[in-house]
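In case you want the letters, here they are:
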Amino acid sequence: MSASVLFDDLGPRGQRNVRIGSVVGGLFVLALIAVGLQRMGTNGQLEGDRWAILFDTRTGVPQSLGKALVATLQVAAIAMLFATLLGAALSFGRLSDRALLRLPVTIVVEFFRAIPLVILILFLFLGARPVLGLDLSRFWTLVLGLVLYNMAVLCEIIRAGILSIDRGQSEAAYAIGMRKSQVMVSILLPQAVRRMLPALVSQLVVLLKDTSLGFIIAYPELLQQARNIINFFGSQYSLQLYVAAAGIYIIVNFLLSTIAHQLEKRVNSSRKVAAGSTVMAGANEDQTLTAVAIDRG
Amino acid sequence: MQALYDNLDRLWAGFLTTLGMSLAAAVIATILGTILAAFRVAPIPPLRALGAVYVQLVRNTPLTAVFFVVIFGLPAVDITFQNFFIAAIVALSVYTAAFVCEVVRSGINSVSAGQAEAARALGLTFGQSLREVVLPQAFRTVVPPLGNLWIALVKNSALAGGGFAVADIAQLGAGLARDNPSQVLAIFGGIALAYMVITVPSGIAVGVIERRTAILR
């Protein structure tokens, strides 16, 4: 149901009402912005100096924000790679016919999905040495936490994707004599990847956002770096630097989503994606996938 | 284990803090998210734009950044909160509302067009058909994703204690672990268990509510 079903094509009176509503609504939005700007103005937050620091290369602020962005992307890239690979491996385990493999994998996945990522990272930070006997740097602590959590979530997304493929596909593959691993790798997975791409990408965006938890263990990602800069230059720059750090996150995530959207369009138009089954299964599977993707919130 | 036993009363208080913070944020986020979803399907373009911009901005911002802006950024424009507990509720609500909005909107989209058309044919206005016909059905279909959002919210609330000065179970636990390095595993096991005490029954409850409210189409 598209939004337009909720209201009629408008007659003259309706159009007038919407016009009035638009003006009132527009004024409401403008008023929100005005109040915000006014508050910032009276507190001197709009002064050029306060914002100029973000762009003035002599202060070193843009450079260190750039470095922090690189540090953030490094963690995210490595964690994305390992989480996806491990997630795929775990999803095969969860779909295995052997209970001896399926049960432990299920327990691992459910466990890591159930505990908050913050707790996981804190545990790795405080407990890696005494409990696990590992000497992890902050970088690897953050990567490991992100990988353990996201592999579990990605496992569920990939599993839902594989299960959403029409049964006829695997039955046909078995019928022509393929082994289970062949069916999985050359029949189910390629189709599942297309279908779960949106859910997969939104989880990777979540992962990128979660790199910001690095500040808990003082890993110099964007927000931690913003805090360091504020400590150095003084708290009159708090708002500006935190807004800048958030802005960089928003831009990067937005780019990632846009690229993914383009990719999705290309993948879907490049071949006739099992036309019938997609349409038929669409409604239900999409909901399952969204539900899984939204899980992390 | 000893550290857990010795501090049981403090940990219990921390657990209640976590639960209270999550519940308050859940209520506010649900209300705010539903209003935003109504904005997003409204006939008035500026409100639609407001809803869309809010969702796009907040969804792409890390929760940590929302916390930073609420706790350290807003005081710069004279918006202060009595304590970190309230600030954390605000940050969690603002963040979760964007996700609630998307979930409710997907629910509205899943209600069949005939329902809204019938409501309009009866002469209900936009507000009436949304309130009386579409939203009640929409909420039933989005019970599972809303339940998942609640569970995610409980887990996200750990950030308030882990990163900021809210005395919830995450902070108390991490503090205990710092003081008792030899009992780190038991302490974190205890914290994980505390979160599961909330999330696992929630998951079961969501399943029950889903079955009770399911509508045949």
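In this report, we go over the structure that sits alongside the text. Note that the structure is a prediction, hence the values are computed from the model and not measured.

When its secondary structure is counted, chain A shows 11 helices and zero strands. Helices and strands in chain A line up, N terminus first, as α-α-α-α-α-α-α-α-α-α-α. Looking at chain A as a whole, 48% of its 297 residues qualify as buried. Considering only residue pairs separated by 6 or more positions, chain A has 74% of its internal contacts joining residues 24 or more positions apart. Counting every atom, chain A has about 15000 Å² of accessible surface; 65% of that belongs to carbon and sulfur.

This part is about the interface of chain B and chain A. Between chain B and chain A, the residue contacts involve 67 residues of the former and 55 residues of the latter. Overall, the association of chain B and chain A removes approximately 5100 Å² of surface from exposure, summing both partners, and the carbon and sulfur fraction of that is 72%. Our enumeration of links across chain B and chain A arrives at zero salt bridges. Taken together, the links from chain B to chain A amount to six residue pairs in polar contact (both at pLDDT 80 or more).

Axes are the key here: two packed helices are described by the angle between their axes and the distance separating the axes. Residue and element names in this part refer to chain A. Contact geometry of helix H3 (residues 61–94) with helix H4 (residues 99–114) gives a least axis separation of 8 Å together with a crossing angle of 130°. By the criterion of interaxial angle, the relationship of H3 to H4 is oblique. Where H3 crosses over H4, the handedness of that crossing is left-handed. For the pair H3 and H4, the contacting residues are Leu90, Gly93 and Arg94 in the first and Leu101, Arg102, Val105, Thr106, Val109 and Glu110 in the second. The residue makeup of the contact of H3 with H4, split by class, is four nonpolar, two polar and three charged.

What follows is about the packing of aromatic side chains. Scanning the entire structure with this criterion turns up 14 aromatic pairs over all chains. Measuring from centroid to centroid gives 4.9 Å for phenylalanine 215 of chain A and phenylalanine 68 of chain B, while their planes differ by 65°, and the two rings are edge-to-face. Within this pair, whereas phenylalanine 215 of chain A is found in the loop between helix H8 (180–210) and helix H9 (222–233), its partner phenylalanine 68 of chain B is found in helix H4 (residues 63–73), the two belonging to separate chains. Per residue, the accessibility class of phenylalanine 215 of chain A equals that of phenylalanine 68 of chain B, and both read buried. Between phenylalanine 67 of chain B and phenylalanine 164 of chain B, the aromatic rings sit 5.0 Å apart at their centres with planes inclined by 10°, giving stacked as the arrangement. Of the two residues, phenylalanine 67 of chain B sits in helix H4 while phenylalanine 164 of chain B sits in the loop between helix H9 (158–162) and helix H10 (169–179), which places them 97 residues apart along the sequence. The exposure class of phenylalanine 67 of chain B is buried, given its relative accessible area of 0%. Exposure remark for phenylalanine 164 of chain B: the relative accessible area of 5% places this residue in the buried category. Site record: aromatic cluster; members linked through ring pairs are Phe215 and Tyr242 of chain A together with Phe67, Phe68, Phe72 and Phe164 of chain B.

Applying the stated rule across the entire model yields eight salt bridges over all chains. In this structure, glutamate 171 of chain A engages arginine 167 of chain A in a salt bridge whose closest nitrogen and oxygen atoms are separated by 3.0 Å. Of this pair, glutamate 171 of chain A and arginine 167 of chain A both sit in helix H7 (residues 167–175), four residues apart, which is roughly one turn of that helix. On the accessibility criterion, glutamate 171 of chain A (41% relative accessible area) is partly exposed. Overall, arginine 167 of chain A belongs to the exposed group, its relative accessible area being 61%. Residue arginine 105 of chain B is joined to glutamate 102 of chain B by a salt bridge in which the shortest nitrogen-to-oxygen separation is 3.3 Å. Of this pair, arginine 105 of chain B and glutamate 102 of chain B both sit in helix H5 (residues 84–110), three residues apart, which is roughly one turn of that helix. Taking relative accessible area as the criterion, arginine 105 of chain B reaches 24% and is therefore assigned partly exposed. Accessibility expressed as a relative area gives 15% for glutamate 102 of chain B, which makes it buried.

Analysis parameters
Residues numbered from 1 in each chain as written. Chains lettered and ligands numbered in written order. Predicted model: local features only at pLDDT ≥ 70, side-chain atom pairs only at ≥ 80, totals over all residues. Heavy atoms only, no water. Helix = DSSP H or I, 4+ residues; strand = E, 2+ residues; numbered from the N terminus. Buried < 20%, exposed > 50% of the residue type's maximum accessible area, 1.4 Å probe, protein only. Contact = heavy atoms within 4.5 Å. Areas by Shrake-Rupley, 256 points an atom, 1.4 Å probe, with all protein chains shown as cover. Buried area = accessible area lost by both parts, 1.4 Å probe. Salt bridge = Lys/Arg side-chain N within 4 Å of Asp/Glu carboxyl O. Polar contact = N/O pair within 3.5 Å; in protein donor to acceptor, adjacent residues only side chain to side chain. Axes fitted to C-alpha atoms, helices over the stretch in contact; angles between N-to-C directions. Parallel < 35°, antiparallel > 145°, perpendicular 65-115°, else oblique. Left-handed = near helix turned anticlockwise from the far one by under 90°. Nonpolar A, V, L, I, M, F, W, Y, C, P; charged D, E, K, R; others polar. Phe/Tyr/Trp six-rings, centres within 6.5 Å; stacked < 30°, edge-to-face > 60°.

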